[in-house]
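Read off the chains here:
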Amino acid sequence: MASSCFSKSKTIIMRNLKSKNFFMLGFINHTYSITNLQFPRHLLHTISSPPLPVSNYASSSPYNYSIAFSRCFASVYGGRRLNTATSVRNSVDQLSTEAPLQQDLDFPGGRVKFTPKPVFTSSSTEERTPCYRVLNDNGQPILDGDSVKISKELAVKMYTNMVTLQVMDTIFYEAQRQGRISFYLTTIGEEAINIASAAALNYNDFVFPQYREPGVLLWRGFTLQDFADQCFGNKNDNGKGRQMPIHYGSRKHNYFTVASTVGTQIPHAVGAAYSLKMEKQDACTVTYFGDGGSSTGDFHAALNFAAVMEVPVIFFCRNNGWAISTPINDQLRSDGIVVRGKAYGVPSIRVDGNDALAIYSAVHKARKMAIEEQTPVLIEALTYRAGHHSTSDDSTKYRPVDEIERWRGDQNPLKRFRKWIETKGWWSDEAESEHRNGIRKQLSQAIQAAERVEKPPISDIFNDVYDIPSKNLTEQEAFLRRTIQKHAQDYPSNVPM
Amino acid sequence: MPGFISHQVAARGLSLLRLRPVAATMRTYSSATKEVTMTVRDALNSALDEEMAADPNVFIMGEEVGEYQGAYKITKGLLDKYGPERVVDTPITEAGFAGIGVGSAYHGLRPVIEFMTFNFSMQAIDHIINSAAKSNYMSAGQINVPIVFRGPNGPAAGVGAQHSQCYSAWYGSVPGLKVLVPYSSEDARGLLKAAIQDPDPVVFLENELLYGESFPISAEALDSSFCLPIGKAKIEREGKDVTITAFSKMVGYALKAAEILEKEEGINAEVINLRSIRPLDRDTINASVRKTNRLITVEEGFPQHGVGAEICASVVEDSFGYLDAGVERIAAADVPTPYAANLERRAFPQIEDIVGAVKRVCYRSLPMVATA
């Protein structure tokens, strides 16, 4: 009943009593055939009643009912609003026939049109958000496409990096199978995402990875030897052997150390972007995560916050269809991840994750938008995780082998991009085999070298816990050294003191 | 007449000065002596103010810290003084803003994250531990996190089970964190300034009931360069018969218990204000036990795996031969905190519990029946 709404605030009733007629009309609700003031019939919960005579207000919608709520809502207006609401209408004025029709409601958060029909938005749209792509399946540019033009040098660099990444993955995976490293995780199928997105960023853009983005680090200059050293956890590892393989990190390359926790990097990227915003730097932060990672609480909090704080961050979702064994349909029921951006007020785009040029263009534009407009941007790249989740996984147990084969073969991103650069005359079979062989040789040397290098020293157990080691840690280190000296023969030889 | 009125104001001095809403240090002068006192709330506010003025990278983030002036008014006046970029009101997501705070610390800012109470920090505990505490180590020194997580910890009065837990033992067990527990205003000022300046992540556990309590404060402590060392306990009261370790509000209780013991039993108790749970000042505690030969520990947290358990183990490891009696731990009852005032009172240590425990370790009364 209208009265229940009014009873919420004594002030409303008091103000409305100014005009007794109006107050009565709220209940009577039938005789006032007017051009301006119409009644909140939906407040009376009459769902099936016929619409009141529509006014002369220029709108074809039959739902143009106005409500004359008084100044009661003035006090709840906050400083910032989603829409720019204008002045509050005075209910008394509504009684005059010259006053304009009020078409919508003025609640905190901005103006909103109302409707007398209880229509629920559908859980899914008939049409999914379209996917931006530049090259077709045969690597030919789609007509009437719009993309950033790239030079031959850049294109070849991108392709060769994709090949390097693929070869590196294959060889390190084999090394794990041979027992030479304890663990590995491949990026097979997502090479375009890795390399093309990295190529569109500047080196001073901070990267907050999940774990399937070593290609970004590769692009920025992390060497094959660096990768090998981390996987073997030797003393040249700039991670000091503290973490398991593939947990790369490099301050120098503005690539934050991979952490095993899923999704925690998403709010980190927002915080770092806030820092960039405060410093007014010409840079943004980029964070990567998968379809699985988008289910974490951190994802939602981060997107919401980033929109409110207006910070330059690119959220890059690698929707590869699988979160270990969880297929996308068990992960979410929304139209992928791209629609979540809208829910949080973040501009978003869906992109073909196997199309290097599309990714390059999308990230290029997103970066510009993020920095110039100081806004977060969400990119959802549709792709396929063509490899297993990691060396601890055998994905043939939960998905069909021919599906995997299809994505590793015809649909893989390298194939499509290669066709394009070959059409341009920038690449050839010879160049391909020369590059692959070269990389294979480099990798095998890197692995052999990494295997032979000593492990990190004893002191690396105790430092970096705090900026300055605490007393108990210094004591423990001293105790350990004394013990080792006493029992030197029981101490492994490849761990330096 | 103006002259007459102003003379009256000057004579009253104290009470009117208190009403002045100044963000800077609020000192009050007691009329009897020339001693300066300050509430813990003002001590924290002034410490935040000074650190934000000294370093433009320091910023505050949390629920209600800005427009509302702080849920407990600790951040009062700071939004007006430093603006919304440095005093950030957040949506309700502890996980979100803790994560964002850590991310900003990764890139050079020095956030002070406020939890409305540390009970809510459980929503963010993954970020506190996995993203903040362990980052420097896991990144091999490439990522340091100069962040401070602060807020009220432990029970208040009548706030029920989900608002009364003490987290000192939880955070105190994590390598990579520093955990501080101020008691007096001087502790609050010195330790908060030290925490903000520290390059490591710090968990700063305050106490809601202490916010309004006034303590005498020295001129040295009021100076803007004042800082207390992290990891050093303070001997609040020297004694020779028994050592009582306590932190936060329990220091006050221990001191009162010590007075009662002196007067009624002639027992001279030494009270140690821990100030720092991690690193724990084992040296001071052990030196004291070697002097007194008896120890009781007091805390408001749950008994199992508590701070007292750690102190007891430390003393057994380092000073076993010096103990003349078993160590007694006084802690909260092993129940979720009840709301009813009479039940709540029995669920937490009271002064008489401390007195009773001291008498037992001094063999002045029978030991309690051992519980499994």
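Scope of this entry: the structure provided in the associated data block.

Cut-offs and rules
- Residues numbered from 1 in each chain as written.
- Chains lettered and ligands numbered in written order.
- Predicted model: local features only at pLDDT ≥ 70, side-chain atom pairs only at ≥ 80, totals over all residues.
- Heavy atoms only, no water.
- Helix = DSSP H or I, 4+ residues; strand = E, 2+ residues; numbered from the N terminus.
- Contact = heavy atoms within 4.5 Å.
- Areas by Shrake-Rupley, 256 points an atom, 1.4 Å probe, with all protein chains shown as cover.
- Polar contact = N/O pair within 3.5 Å; in protein donor to acceptor, adjacent residues only side chain to side chain.
- Pairing = 2+ DSSP bridges.
- Axes fitted to C-alpha atoms, helices over the stretch in contact; angles between N-to-C directions.
- Phe/Tyr/Trp six-rings, centres within 6.5 Å; stacked < 30°, edge-to-face > 60°.
- Buried < 20%, exposed > 50% of the residue type's maximum accessible area, 1.4 Å probe, protein only.
- Lys NZ or Arg CZ within 6 Å of the ring centre and 35° of its normal.
- Buried area = accessible area lost by both parts, 1.4 Å probe.
- Salt bridge = Lys/Arg side-chain N within 4 Å of Asp/Glu carboxyl O.
- Parallel < 35°, antiparallel > 145°, perpendicular 65-115°, else oblique.
- Left-handed = near helix turned anticlockwise from the far one by under 90°.
- Nonpolar A, V, L, I, M, F, W, Y, C, P; charged D, E, K, R; others polar.

The helix and strand tally for chain A stands at 17 helices and nine strands. The long-range fraction of contacts in chain A, counting pairs at least 24 apart against all pairs at least 6 apart in sequence, stands at 71%. Summed over its atoms, the accessible surface of chain A is roughly 23,700 Å², and 54% of this surface lies on carbon and sulfur atoms.

On to the environment of Ser-295 of chain A, then. Residue and element names in this part refer to chain A. Counting through the fold element by element, Ser-295 comes out in the loop between β4 (285-290) and α9 (297-309). For Ser-295 and Lys-252, which are 43 residues apart along the polypeptide, the C-alpha to C-alpha distance reads 31 Å. Ignoring any residue separated from it by four or fewer positions in sequence, one finds Ser-295 in contact with His-300, Gln-331 and Arg-340. Only 2.7 Å separates the side chain of Ser-295 from the side chain of Gln-331, close enough to count as a polar contact.

Another aspect to go through is the sheet that holds strand β7 (residues 178-180) of chain B. All names here are of chain B. Ordered in space as β4-β3-β5-β6-β8-β7-β13, the seven strands form an open sheet in which the pairing is mixed. One side of each edge strand has no neighbouring strand; the edge strands of this open sheet are β4 (87-89) and β13 (276-278). Between one strand axis and the next, the sheet turns by 20° as a mean value, whatever way the strands run. Where β7 lies against strand β8 (residues 202-206), three bridges are found, and the strand directions are parallel. Each bridged residue has a counterpart across the sheet, and for Val-179 the counterpart in β8 is Val-203. On top of the sheet, helix α9 (residues 185-197) reaches β3 (58-62), β5 (110-114), β6 (148-152), β7 and β8; it is set at about 160° to β8, its chief contact.

A word on the packing of aromatic side chains. Tallying each qualifying case throughout the model produces 25 aromatic pairs over all chains. The interplanar angle of 5° and the centroid separation of 4.4 Å between the aromatic rings of Phe-208 of chain A and Phe-256 of chain A together place this pair among those described as stacked. Highlighted residues: Phe-208 of chain A in strand β3 (residues 206-208) and Phe-256 of chain A in the loop between α7 (224-232) and α8 (265-279), separated in sequence by 48 residues. Residue Phe-208 of chain A shares its accessibility class with Phe-256 of chain A, and that shared class is buried. Taking 6.1 Å as the distance between ring centres and 65° as the angle between the ring planes, the aromatic pair formed by Phe-222 of chain A and Tyr-248 of chain A counts as edge-to-face. Taken together, the residues Phe-222 of chain A in the loop between α6 (214-219) and α7 and Tyr-248 of chain A in the loop between α7 and α8 connect sequence positions 26 residues apart. Across the pair, Tyr-248 of chain A and Phe-222 of chain A agree in class, each one buried. Here Lys-157 of chain A stacks its cationic end above the ring of Trp-219 of chain A, 4.2 Å away from the centre of that ring. Its end group placed over the ring of Tyr-137 of chain B, Arg-242 of chain A keeps NZ or CZ at 3.9 Å from the ring centre.

Our next topic: the interface of chain B and chain A. Taken together, the 40 residues of chain B in the interface contact 39 residues of chain A. Of the roughly 3,300 Å² buried where chain B meets chain A, counting both sides, 61% is carbon and sulfur surface. Among the residues of chain B in contact with chain A, His-107, Tyr-137 and Gln-142 of chain B are the three that bury the most area, contributing 24% of the side total. Summed over the shared surface of chain B and chain A, the number is one salt bridge. Between Lys-471 of chain A and Asp-283 of chain B there is a salt bridge whose closest N-O contact spans 2.9 Å. One can count 18 residue pairs in polar contact (both at pLDDT 80 or more) joining chain B with chain A.

Let us look at the environment of Leu-165 of chain A. Residue and element names in this part refer to chain A. Secondary-structure assignment places Leu-165 in helix α4 (residues 152-177). Relative accessible area serves as the criterion here: at 0%, Leu-165 is assigned to the buried category. Along the chain, Leu-165 and Val-465 lie 300 residues apart, while their C-alpha atoms are 33 Å from each other. With near-sequence residues (within four places) excluded, Leu-165 lies in contact with Thr-187, Glu-191, Asn-194, Ile-195, Pro-214, Gly-215 and Leu-218.

Our focus in this paragraph is the packing of α4 of chain A against helix α14 (residues 413-423) of chain A. All names here are of chain A. Where α4 contacts α14, the axes come no closer than 11 Å and their chain directions differ by 150°. Relative to α14, the element α4 is oriented roughly antiparallel. Crossing geometry of α4 relative to α14 is assigned as left-handed. In this structure, α4 uses Ala-155, Met-158, Tyr-159, Met-162, Val-163 and Gln-166 to contact α14, whose residues at the interface are Pro-413, Leu-414, Phe-417, Arg-418, Trp-420 and Ile-421. A class-by-class count of the residues in the contact of α4 with α14 yields 10 nonpolar, one polar and one charged.

This paragraph deals with the sheet that holds strand β8 (residues 348-352) of chain A. All names here are of chain A. On the basis of which strands lie adjacent, the open sheet formed by five strands has the order β3-β4-β5-β9-β8 and parallel pairing. Taken across any chain shown, the strands that pair with only one partner, and hence form the sheet edges, are β3 and β8. Each strand axis lies, on average, 20° off the axis of its neighbour in the sheet, ignoring direction. When strand β5 (residues 313-319) meets strand β9 (residues 377-382), the two strands line up parallel, connected through six bridges. Across the sheet, Asn-319 pairs through a bridge with Leu-382, a residue of β9. On the sheet, helix α12 (residues 356-373) packs against β5, β8 and β9 and is oriented at approximately 155° with respect to β5.

Geometric values such as these leave the question of function open.
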